[in-house]
Every structure is written in structure tokens, then in C-alpha cells.
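Structural features, examined
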Amino acid sequence: MTRIFSEIEVAGAVFAGLLGLAFGSFLNVCLSRLPEGENIAWPGSHCRTCDHTLAWWENLPLLSWIILRGRCHTCRDWIGFRYPLVELAVGLCWAGCWLKFGPALFVLGDAPHQPAWGIVSLLGSLLLCWLLVALAALDAEYFWLPDWVTLPGIGLGFIFTLLQFRPGLEHPIFFLDGPQTLTQAAYWSGIGILAAAGLVLAIRLAYWLVRRKEGMGLGDAKLMAMLAAWLSLPAAFESFALAILGATAFAIVWFAFAAIRNRSQTSEGWAQIPLPLGTFLCLAALTQIFYPNWLWIAWSRIFLA
């Protein structure tokens, strides 16, 4: 097979990144208004403190935040870091998706459906990145993983898996040679979705039996099911392990700084501080899009070589 037009990869990555900035800006509108029950289409973009309607130059993704130094041009109220971070995250992810999946569109080979598979992989990865950034931001800001994102996300991921089906395609853990029929692929995908959600539900139940308190929300279980639907069960499990490690490291650093500032806080008090596990799950899942099962691969090379 011969790969052509490397310039298209670079130009496509730039275009995808700019498009991602624009969709990240729209995502910020959704993240600001939907939790408050507001309409995302009307009124136009405005300061949420003084209601100043933004001029075109105040509404440029990422760039306007830098020009305004993170403050409203009229009332000088702080805008917040979430806006540029979400836009930048979507932009970088979309550029990465093009570099990861876009070249398959320009590969000359014997597979008659190669371009179609490439388009499905590219569009699916763009959508998944957008959903993961949205859920990461919502959980970080509101401790909220809404059903109207996770449940449709599960269904879309299941469809995405079936659209990518190829007889005999190797599938880690479950398949040696891969499912031979679409029915088998659907069956194993469904099993993976249930198993991923079941892991969180089992941990949630065990925590409640021991402490009689809720340790993990149902939203985390639905998010895990969504990850299994899109990325496979092994990738969902690996994302969960990475999320636990990341959340633990964050908690240690956060509690250390907090303890220095407030020495009177008891250890029981620290244990009651919630952490947005969904945010860490989403960040871990983003790595699985670009480097599937990288943690297991690294572990195998170190300990199983």
C-alpha cells in the first residue's frame, strides 16, 4: 500500500483544529446554559454577569479570551479558565483525530471499503472526543454526568462498533480471531457494555455495605458503559484504572496543600471531600482513542517480557 499527499495531513490537522475550536466554543455555550435550563440558541453570546452582548471580536474561540485577558470587556468580571481550556481541548483532540485516522482516507490498497472505514473512524472519534470533553467539564464543575449525554452516547458507541465491524478483526481479550458475524460482534459489544457498568455498580454496592454511604454515582456506571461501547471493554477497564490512579495522585497533592492551609481539618473531613471521577475517566479515555490499551502494552513490556 502507498500513502500519498502528506501535505493533506498537515492541512487537514490545521483545519480540524480550527473547526474543533469553533465546536469547543459552542460546547462552552451548552455547558454554561444547559445546567441552568437556558436556551442554547437565544439570546446571543453575552456576559453572564452584566448581560453585555459580545461583539464579533469578543467571541473568537480562544483568541478573544487571550485578548480580553480572561475578563469581560464591559464589567471586567472574571470569565474563567473553563472557556479556553474546553476550546483548546476540543481543538487539539480534533487535530489529533485527523492525524490518527485521516491518513487512512488516502491509503491506496486492496480493501474496497477502506475509505468508508476511515470515514467512520474519523467521524466517530471526533464525536467521542467532543462528548468526553463535555462530560469531563460537567463533572468537574457540577459533579454531574447527565443521562441525556451518557445514554445516547452508549447507543451511538454501539452503532459505531457495528459500523466498524470486519469479520475476523482481532479483538483484545474476548477474541483470538475476532467475531465472524455482525451478530457475534453485537453480542460481545453488549456484554462489554454490561460488564463495564457492572464493575462500577459492584464497587458502589461494596462501598455502601461497608460504610453505608454512596461512594460512586450511577453516572459513573453509565459513563463506563459508554466507554465500553465506543472503545471496547478492555479499554474501558484500562481507563478506569488510569482514572483511579489519576484521582488518587490529584487527591494526595490537593489534600497536602489543603492540610498545610487548614491544619484543623480532620482525616474524616478530608474523606468526605468529593472528587469528580468522571472527569478523570474521560481524560483517561481520550488517551485510549489515540493509543489503545497503551497501559497494558507498557505493563507487558516491563513485566512480561
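Residues numbered from 1 in each chain as written. Predicted model: local features only at pLDDT ≥ 70, side-chain atom pairs only at ≥ 80, totals over all residues. Heavy atoms only, no water.

Here the focus is a nonpolar patch on the surface. Residues Phe26, Leu34, Ile40, Trp144 and Trp148 make up a contiguous nonpolar surface patch of about 440 Å² in total accessible area. Relative accessible area serves as the criterion here: at 36%, phenylalanine 26 is assigned to the partly exposed category. (Patch = residues over 30% accessible without salt bridge, like charges linked within 9 Å, V, L, I, M, F, W, Y side chains within 5 Å. Areas by Shrake-Rupley, 256 points an atom, 1.4 Å probe, with all protein chains shown as cover. Salt bridge = Lys/Arg side-chain N within 4 Å of Asp/Glu carboxyl O. Buried < 20%, exposed > 50% of the residue type's maximum accessible area, 1.4 Å probe, protein only.)

For the rest of this paragraph, the subject is the environment of proline 292. As for its placement among the helices and strands, proline 292 is situated in the loop between helix H10 (277-290) and helix H11 (294-303). Through-space distance from the C-alpha of proline 292 to that of serine 232 is 9.6 Å; in sequence the pair is 60 residues apart. What proline 292 contacts, discounting residues up to four positions off in sequence, is Lys100 and Ile297. (Helix = DSSP H or I, 4+ residues; strand = E, 2+ residues; numbered from the N terminus. Contact = heavy atoms within 4.5 Å.)

This part covers unusual backbone geometry. In this model, tryptophan 42 is joined to proline 43 through a cis peptide bond whose omega is -5°. Structurally, the position occupied by proline 43 is in the loop between helix H1 (6-33) and helix H2 (63-67). In this structure, arginine 76 takes a positive phi of about 65° despite not being glycine. Despite not being glycine, asparagine 293 has its phi angle at roughly 55°, a positive value.

Time to look at the packing of aromatic side chains. Here the structure, examined in full by the defined rule, presents 10 aromatic pairs. Measuring from centroid to centroid gives 5.9 Å for tryptophan 65 and tryptophan 78, while their planes differ by 70°, and the two rings are edge-to-face. Taken together, the positions of tryptophan 65 in helix H2 and tryptophan 78 in the loop between H2 and helix H3 (82-101) put the pair 13 residues apart, joining distant regions of the chain. Between phenylalanine 250 and tryptophan 254, the ring centres sit 6.0 Å apart and the planes meet at 15°, which makes this aromatic pair stacked. Taken as a pair, phenylalanine 250 and tryptophan 254 lie in helix H8 (residues 233-261) at a separation of four residues, close to a single helical turn. For phenylalanine 250, a relative accessible area of 38% puts it in the partly exposed group. Relative accessible area serves as the criterion here: at 49%, tryptophan 254 is assigned to the partly exposed category. (Phe/Tyr/Trp six-rings, centres within 6.5 Å; stacked < 30°, edge-to-face > 60°.)

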